[in-house]
Amino acid sequence: YTLTEATSVQEILGYVSQHGASHYTLYIMDANLGMPGSDSYAAAEQVYAKIKDEVAAGNVKFMSVTGNAVCAQQAQAAGIPCLLKPINVDDILKP
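Visitor: Got a minute to help me understand the state of the cysteines in this structure?
Guide: Simply put, the disulfide is a covalent bond whose two ends are the sulfur atoms of two cysteines. With the rule as written, the count across this model stands at zero disulfides. No disulfide involves Cys71; its sulfur sits 5.2 Å from the nearest other cysteine sulfur, which is in Cys82.

Visitor: When you look at the sheet that holds strand β2 (residues 61–66) in this model, what are you seeing that I'm missing?
Guide: By way of backbone hydrogen bonds, the strands of a sheet pair with one another, either parallel or antiparallel. Sheet architecture is open: three strands sit in the order β1-β2-β3, paired in parallel fashion. Each of the sheet's edge strands pairs with one partner strand only, and the pair in question is β1 (26–30) and β3 (82–84). In this sheet, adjacent strand axes meet at a mean angle of 25° when their direction is disregarded. Bridge analysis of β2 against β3 gives three bridges, and the strand direction is parallel. What sits directly across from Val65, in β3, is Leu83. Lying on the sheet, helix α3 (residues 69–77) is in contact with β2 and β3; it crosses β3 at an angle near 155°.

Visitor: Help me out: how do you make sense of the environment of Tyr15 in this one?
Guide: Residue position: Tyr15 is located in helix α1 (residues 9–19). With 11 residues separating them along the chain, Tyr15 and Thr4 place their C-alpha atoms 9.1 Å apart. Dropping the residues within four chain positions of it, Tyr15 is found in contact with Thr4, Glu5, Ala6, Gly20 and Tyr24.

Visitor: Please explain the pairing of β1 as it appears in this structure.
Guide: Every regular strand shows the same layout, with side chains that alternate between the two sheet faces. Covered by surrounding structure in β1 are Tyr27 and Met29 only, the residues Leu26, Ile28 and Asp30 on the alternate face being uncovered. Strand direction decides the pairing type here: β1 and β2, joined by five bridges, are parallel. Residue pairing for β2: Ile28 is matched across the bridge by Met63.

Visitor: In this structure, what is going on with the packing of α1 against helix α2 (residues 42–56)? I would like to understand it.
Guide: Angle between the axes and distance between the axes: these two values describe a pair of packed helices. At a closest axis distance of 10 Å, the pairing of α1 and α2 adopts a crossing angle of 5°. Classed by the angle they form, the pair α1 and α2 counts as roughly parallel. For the pair α1 and α2, the contacting residues are Val9, Ile12, Leu13, Val16 and Ser17 in the first and Ala43, Gln46, Val47, Lys50 and Ile51 in the second. The residue makeup of the contact of α1 with α2, split by class, is seven nonpolar, two polar and one charged.

The rules behind these values
- Residues numbered from 1 in each chain as written.
- Predicted model: local features only at pLDDT ≥ 70, side-chain atom pairs only at ≥ 80, totals over all residues.
- Heavy atoms only, no water.
- Disulfide = S-S within 2.5 Å.
- Pairing = 2+ DSSP bridges.
- Helix = DSSP H or I, 4+ residues; strand = E, 2+ residues; numbered from the N terminus.
- Axes fitted to C-alpha atoms, helices over the stretch in contact; angles between N-to-C directions.
- Contact = heavy atoms within 4.5 Å.
- Buried < 20%, exposed > 50% of the residue type's maximum accessible area, 1.4 Å probe, protein only.
- Parallel < 35°, antiparallel > 145°, perpendicular 65-115°, else oblique.
- Nonpolar A, V, L, I, M, F, W, Y, C, P; charged D, E, K, R; others polar.

Quick look at the structure:
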């Protein structure tokens, strides 16, 4: 496996645009990337919107994580996979 690190939503979206969503098999990101302490899941929402067709087709997996319970609940209610930290890697890798 190869790990690609991104430090912003724009960087993630750039990788997806450059390589295609299915180039990566697993996306794990902070739900509020770039907005520490926020209860907004806008970062995860932007990335998930770009790759959700590949997720639905089973070609890639996506999981966002957050330390904010409100953020996790709101993301899940919006249909965006999100776990509350601390996480168990097995929870992400479940089929």
